[in-house]
Structures are given as C-alpha cells and as structure tokens.
Amino acid sequence: MKKKQFEAARRVAGKFCLLSAAALLCAPAVAQKKVKFDWSLAFVPEEGGVRFEKITEDADNVASYNGNIVSKGSGIFGSKKMSTLDWWVIPQIAVSPDGKRIGYINEKNKMNNIMIKDARKGGASVQRTFRTNIQGFSWSPDGTQLCFTELRGGHFGVYLIDAVQGSVVRQISSGNENDMGGVVSADGNTIFFHRGEGLSSYSLWSYDRTNNLFSNYSRGMTVCLIPGEEHTVYCARFTDRKESEIWRVNFQTGVEELILAVPDKSFTSPQLSPDGRWLLLTGSSVSEGDNTANTDIFVVRTDGTQFTQLTYHPGNDLSSVWSPDGKSIYFLSQRGSSLRKYNVWRMDFNL
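Anyway, here's the lowdown on the structure attached to this text. Computed from a predicted model, the values in this text were never measured in an experiment. (Residues numbered from 1 in each chain as written. Predicted model: local features only at pLDDT ≥ 70, side-chain atom pairs only at ≥ 80, totals over all residues. Heavy atoms only, no water.)

1. Overview of the sheet that holds strand β16 (residues 213-219)
Here is the rule we go by: What makes two strands pair is DSSP finding at least two bridges between them. For the purposes of this entry, the term helix denotes a DSSP run of H or I that reaches at least four residues, the term strand denotes a run of E that reaches at least two, and both are numbered from the N terminus. Between the N-to-C directions of two axes lies an angle of 0 to 180 degrees, each axis being a line fitted to C-alpha atoms and, for a helix, fitted only over the stretch in contact.
The strand order β13-β14-β15-β16 describes an open sheet built from 4 strands, whose pairing is antiparallel. A strand with exactly one partner marks an edge of an open sheet, and here the two such strands are β13 (179-184) and β16. Averaged over all adjacent pairs, the angle separating strand axes in this sheet is 25°, with direction ignored. Note: strand β14 (residues 190-196) against strand β15 (residues 202-208), 7 bridges, orientation antiparallel.

Rendered as structure tokens:
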C-alpha cells in the first residue's frame with residue numbers, strides 16, 4: 001500500500017497524528033539526542049541471558065506498511081504540544097494452538113496477506129489468504145480458523161477464513177463501520193472486536209454467530225478473552241491525555257479494574273499467558289542504545305504486580321504473542337536487520 005493510501009486510511013475516523021480508526025496508538029515521546037547504533041545486533045546488554053531466535057528473514061517481506069507500523073508525529077496532550085509515538089495495536093502475528101505453525105502478514109505487490117510457516121523449523125511460507133489489505137489477525141482457539149482485519153472501501157472490517165485450506169471468506173462486519181482486532185471465543189460462537197467511533201474513541205463489541213446479533217459492552221480496544229470467564233476481558237483504554245492503560249472489565253457485574261497505568265507511557269494489546277498469571281503487552285519506551293523513543297515488550301501479573309520490561313533494543317519490538325506452553329514469546333522486531341526491516345522473533349520467558 002502506498003504511503004498516501006496508508007495515511008488516508010489512518011484518517012478514517014480521526015486526525016493523522018492522533019489515534020485513528022486504523023487502531024494506531026499515540027503516546028507522548030520525549031525528544032532525545034540520537035547515538036549511532038549497530039542495528040544488525042540481535043540483542044543488547046540489557047537483554048543478557050535471554051535467548052533470541054529469528055524466525056523470518058528480510059526476504060519474507062514481513063509487512064511494515066511502508067515503515068508505518070510504528071511512526072512518529074505530534075499531538076496535543078492537555079495544553080502542551082508534544083511529539084508522539086504511534087503504533088499498530090492489532091496483533092500482526094499469531095501462533096496456532098498446537099504451537100506448530102506461526103502466521104505473519106506479508107507485503108508483496110502492494111498487497112498484504114497472511115503467510116504461514118513452521119514455528120519450529122522456519123523454512124518456506126505458505127500463503128493462506130489472497131486478499132488486498134489485511135491489517136492484523138488472530139487464530140481461533142480450536143485452530144480451525146483465522147480471524148482477520150482488512151481495509152476495504154475505506155472501512156476496516158472483521159472476516160473469517162479456514163486456517164488450513166480453501167479461500168471462502170465470511171464477512172463479520174457490516175462494511176460500514178470500522179471494526180478490527182477480532183478474536184474468537186473458546187466455543188467458536190462469538191467474535192469479540194473493537195470499533196472505532198471517532199477521534200480516540202473505541203468500544204468493545206461482539207458478534208454472535210448463532211443468532212447474527214451484535215452487542216456493545218464498554219469502552220476499550222484490543223480485547224483479550226479469559227478462558228473460563230465468559231463475561232470478563234482485558235483491554236486497553238485511553239485517558240484524557242491520550243495515554244493507554246490496561247483494564248479488566250466484567251460485562252455482567254459492571255466491575256472495572258485498572259491493572260496497569262504508568263505516567264507518560266502507554267500500553268496496548270494485552271495477551272493472557274497460558275497459565276493465566278501474566279499479561280504480555282506492547283508499550284512505549286526510550287531506548288538505552290540510541291536514546292530514541294520506541295516500542296518494547298512488557299509483562300505484568302494479572303493482579304498488577306511485578307511489572308517488567310523484557311526488551312531494550314533500539315529497534316521497535318511489538319505485536320507479541322505467547323507460545324502455547326507459555327515458555328516463549330513471539331514478536332515483531334527490527335533487531336538483527338541492518339536495513340531496520342521487521343521480522344518475527346522468538347524469545348525465552350522464564351520469570
């Protein structure tokens with residue numbers, strides 16, 4: 001997708017430099033003096049003791065939307081104008097429930113599609129979708145379907161396709177809204193997503209496949225389901241300073257709990273660990289390597305304690321997901337590429 005087309009998409013429901021319907025997040029970013037850094041390094045000293053493994057190569061053309069998966073702009077925070085760090089909050093990679101396959105978005109011939117490869121051996125990739133502009137996706141819990149977000153006709157929508165074979169696509173969204181970030185419930189009957197409703201305004205919705213009904217629940221984006229808790233989810237929410245916090249929301253009781261908030265920082269895309277003890281997050285940071293604002297990977301316990309930063313590389317690290325056994329984390333990163341291209345990486349998790 002050309003840069004002008006991408007920028008137009010981001011303006012669907014909001015200003016370019018603020019959060020738009022395309023689900024990019026803005027966080028205040030303090031300007032820093034740049035220091036020369038060797039981007040071909042796979043890790044930095046702060047990450048010592050952690051094993052990193054590169055899953056894709058530059059030739060796989062992992063989608064970065066012309067470098068705009070993370071970008072910098074400016075915005076008004078309170079009464080002060082500040083530089084901002086914007087990133088794509090919808091997961092760009094997904095791991096099959098059995099852990100054998102990993103999917104990522106490939107950018108080729110100005111089209112973005114889902115590619116699948118062996119999560120352990122790497123090797124050649126198989127193209128799973130033949131669409132135009134897929135922006136993110138997730139794997140269904142039973143491993144049979146991929147739920148993806150696509151930009152079509154100026155609107156973002158949620159769609160389903162078989163994870164293994166065939167090209168039949170089922171449209172979940174009406175096509176007139178801006179729905180994105182779909183995730184499928186454990187029984188496969190409900191699809192949760194968030195809807196862009198204006199400048200920095202997002203709400204949580206669901207679609208019931210048994211009766212074709214849509215339901216609206218609460219403010220928030222990047223919904224994360226909790227196994228065994230039908231009415232409770234984790235999500236990200238904006239403050240009036242356009243910073244994003246992590247919340248747990250019970251739709252049935254109306255109880256809403258703040259899990260993580262850090263002044264002048266933002267966190268999105270919560271992913272619950274297989275053991276239910278940790279939330280994996282993308283957040284804003286300042287690199288120790290070259291003193292620039294970037295995105296990094298963080299974890300926090302579900303009770304809000306033991307908040308820990310996992311990555312420190314000057315390259316952007318984001319869109320993280322758990323391996324099914326909870327011992328590894330897959331994520332997108334610019335690390336290890338002298339051209340600063342994004343690739344899928346895997347890192348150990350042993351907290």
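Having seen it, we continue.
2. Structural notes on the pairing of strand β8 (residues 122-127)
Along any regular strand, the residues point their side chains to alternate faces of the sheet. The pairing of strand β7 (residues 111-118) with β8 spans 3 bridges and is classified as antiparallel. What sits directly across from Ile-116, in β8, is Val-126. In textbook terms, the turn of a hairpin is the stretch between consecutive antiparallel strands, and for β7 and β8 this stretch comprises 3 residues.

3. What about the sheet that holds strand β12 (residues 169-171)?
Backbone hydrogen bonds hold the strands of a sheet together, and the pairing may be parallel or antiparallel. In spatial order, the strands read β9-β10-β11-β12; together these 4 strands make up an open sheet with antiparallel pairing. Because the sheet does not close on itself, it has two edges, and the strands there are β9 (134-139) and β12. Across the sheet, the mean angle separating the axes of adjacent strands is 30° when strand polarity is ignored.

4. With respect to the environment of Lys-265
Short version of the rule: Three exposure classes are used, based on accessible area relative to the maximum for each residue type with a 1.4 Å probe and protein chains only: buried under 20%, partly exposed in between, and exposed over 50%. Contact between two residues is taken to exist if any of their heavy atoms lie within 4.5 Å; hydrogens are not considered. Under this definition, polar contacts are N or O atom pairs within 3.5 Å; protein pairs additionally need one hydrogen-donor-capable and one acceptor-capable atom, and for neighbouring residues in sequence, both atoms have to be side-chain atoms.
Take Lys-265: it is sitting in the loop between β20 (256-260) and β21 (267-272). A relative accessible area of 25% places Lys-265 in the partly exposed class. Taking the C-alpha atoms as reference, Lys-265 lies 7.1 Å from Gly-283; in sequence the two are 18 residues apart. If sequence neighbours within four positions are ignored, Lys-265 has contacts with Glu-243, Ser-244, Ser-284 and Ser-285. At a separation of 3.2 Å, a polar atom in the side chain of Lys-265 contacts the main-chain carbonyl oxygen of Ser-284.

5. Description of the environment of Val-164
Position of Val-164 among the secondary structure elements: in the loop between β11 (155-162) and β12. On the basis of relative accessible area, Val-164 is assigned to the exposed category, the value being 55%. Each C-alpha atom of the pair Val-164 and Val-126 lies 10.0 Å from the other, and the pair is 38 residues apart in sequence. Setting aside residues up to four positions removed in sequence, Val-164 forms contacts with Arg-101 and Arg-128.

6. Side note on the pattern of salt bridges
Keep this limit in mind: Think of a salt bridge as a Lys or Arg side-chain nitrogen and an Asp or Glu carboxyl oxygen that are within 4 Å of each other.
Under the defined criterion, the tally for this structure stands at 14 salt bridges. Across the pair Arg-241 and Glu-243 runs a salt bridge whose closest N-O atoms are separated by 3.1 Å. Here Asp-317 makes a salt bridge to Arg-335, at a shortest N to O gap of 2.7 Å. Separated by 18 residues along the polypeptide, Asp-317 in strand β25 (residues 317-322) and Arg-335 in the loop between β26 (328-333) and β27 (343-348) bring together distant segments of the chain. Classification of Asp-317 by relative accessible area gives buried; the value is 0%. Where salt bridges share partners, they join Arg-51, Glu-53, Arg-346 and Asp-348 into one cluster.

7. Quick look at unusual backbone geometry
Residues other than glycine seldom take positive phi values, yet Asn-109 does so here, at roughly 55°. Position of Asn-109 among the secondary structure elements: in the loop between β6 (101-108) and β7. Taking relative accessible area as the criterion, Asn-109 reaches 61% and is therefore assigned exposed. For Asn-212, which is not a glycine, the phi torsion comes out positive at approximately 60°. Assignment of secondary structure puts Asn-212 in the loop between β15 and β16.

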